Every structure is written in structure tokens, then in C-alpha cells.
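The residues making up each chain are set out below.
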Amino acid sequence: MTGFSGVVAGFIVNVDRAARQGQGLGDVLANYFSLFTIVSTMLAIVALSVAASWAMRNPGTSREPLGIALAIAAVTGPILLLGLVYNLLLRGLPSAVALGDTAGIAMLDKYAAEVLHVVLPIYFMLDLLLASRRRALPWWSLGVLVGYPLAWTTYTMVRGERVGNPDGTTPWWYPYPFLDPHGAGGYPSAFLYIGAILVGFLAIGTMIILIGRYRERRALRHRAPAAHGPLAV
């Protein structure tokens, strides 16, 4: 629910800003729900809801199904990377449109930023390190963990040329400047960033798998009931 409240707060902020700038509400909302942060958060909400539902139906210490473990891991990487990027590079850098926010909208904007880029990353890190029924993942799952970011990037690059900026300045729109091939560096610069992002997701995905496999091996050594069964390879 906390993650959903952050999405709703950001939704209200974007509606208010669109109205103030006379932008088309439909385009603004379509762009909002195409942001990597929002898409990742919505997927995280779904994954956590499914995992919680399974846990309530299956009390005890048995490990969760592989599908749930993959879904949780697939959203953990994006949420963690978003938290790192925001807190290391973007914190304290408001956009120009934010300067015209009312006190209430500014408060909602800050709430959304903190929930989506601080609270959720902390939660998923704790889940990765401490969740008692989390299943270790096989190495082939690394392809699944980078599949979602690649799918989103492909969608974004294709969509970017087909939608105009809501403010009417350009016939294209990209959610992040470094993905915009119309900048000074053109497509080579955009693809360089995409390559760097892919490397980042490969590194985070590898970390997630290693942590899960280490925790399961340690549980097996201590004969933990939650770790019965062979370690996937």
C-alpha cells in the first residue's frame, strides 16, 4: 500500500502540473505511467501482492514457488538501481516546473519521491537479505532479471518517436534526457547509456542471485527447515 500511495501522490502532482501548463492530460498521464520508476513500482506491487497471497494460503516454512521468487527478484533490481541513482545523482535537483508548485503539491511530490526512491529500495534490500522463505534462483534466471529493463528500454525508444512532448516543443518525447537520440550525442550517446544501464542490471542481478544462493547454502548447513531441497543450478 505504501508503494501505491507514492504512485497516487505522483499522479496528483502530474495532473496539477499538466493543468497549470495547459498540457493535454491524456498525454501527460500516458507518459507518467510509462516512466521506469512508475512501471517498476506497479510491477513490484503486483509481485508483492501475489507473494503475500501465496504466503497466507501456505503458512509454514516451505520455500516459495520459483515463479514468485523470479517475480520478486525481477523488480528488486530496478527498485534498487532507481534508489541508488536518485539518492546519489538526483536528490535536491527539482525540475523547473516544480518551482511553481503550491505547498500542498510540493509536499506530495516530496512524499512520492521519498516513498519510491527511499522507502521501497530499503524494503526490497531488507527482503533480499532477510526474507525467510525466499528461494535461491538458478543462474539462468539472470536473463529474466535483465529482460524487463530491456523490454522497457525497447518500448521507450520505439514510443519516443511516436509521441510528442506534452508542452508542444518537440514531436518526440523521451522520459530521460540520456535516452533522447535528438541530443548532441545522437543515437551513439543514447545506446552508450543503454549499454551502461544493461551492465548495471547484470551486476545487480548477479548480486541478487549470489545473495540468494549464499543464504540457501547457509540455511542448508544449519539444516533450516525452510531450505529443504536441492539448490537450483
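Structural notes, computed from the coordinates. Note that the coordinates shown come from a computational prediction; the quantities given were computed from them, not determined experimentally. (Residues numbered from 1 in each chain as written. Predicted model: local features only at pLDDT ≥ 70, side-chain atom pairs only at ≥ 80, totals over all residues. Heavy atoms only, no water.)

### Topic: the pattern of salt bridges
What the rule picks out here adds up to six salt bridges. Between Arg20 and Asp16 there is a salt bridge, and its shortest N-O distance comes to 2.9 Å. Placement of the pair is Arg20 and Asp16 together in helix H1 (residues 2–21), with a separation of four residues, close to one helical turn. Of the charged contacts in the structure, one is a salt bridge between Glu114 and Lys110, with a shortest N-O distance of 4.0 Å. With Glu114 and Lys110 both in helix H5 (residues 103–130) and four residues apart, the pair spans about one turn of that helix. Overall, Lys110 belongs to the exposed group, its relative accessible area being 54%. It is possible to trace a salt-bridge network through shared partners that takes in Glu64, Asp127 and Arg134. (Salt bridge = Lys/Arg side-chain N within 4 Å of Asp/Glu carboxyl O. Helix = DSSP H or I, 4+ residues; strand = E, 2+ residues; numbered from the N terminus. Buried < 20%, exposed > 50% of the residue type's maximum accessible area, 1.4 Å probe, protein only.)

### Overview of the packing of helix H4 (residues 66–90) against H5
With their axes 8 Å apart at the nearest point, H4 and H5 run at an angle of 130° to one another. It follows from the interaxial angle that H4 and H5 lie oblique. The chirality of how H4 crosses H5 is left-handed. Contact residues: H4 offers Ile72, Val75, Thr76, Ile79, Leu80, Leu82, Gly83, Tyr86 and Asn87, while H5 offers Ala113, Glu114, His117, Val118, Leu120, Pro121, Phe124, Met125 and Asp127. Looking at side-chain class alone, the contact of H4 with H5 contains twelve nonpolar, four polar and two charged residues. (Axes fitted to C-alpha atoms, helices over the stretch in contact; angles between N-to-C directions. Parallel < 35°, antiparallel > 145°, perpendicular 65-115°, else oblique. Left-handed = near helix turned anticlockwise from the far one by under 90°. Contact = heavy atoms within 4.5 Å. Nonpolar A, V, L, I, M, F, W, Y, C, P; charged D, E, K, R; others polar.)

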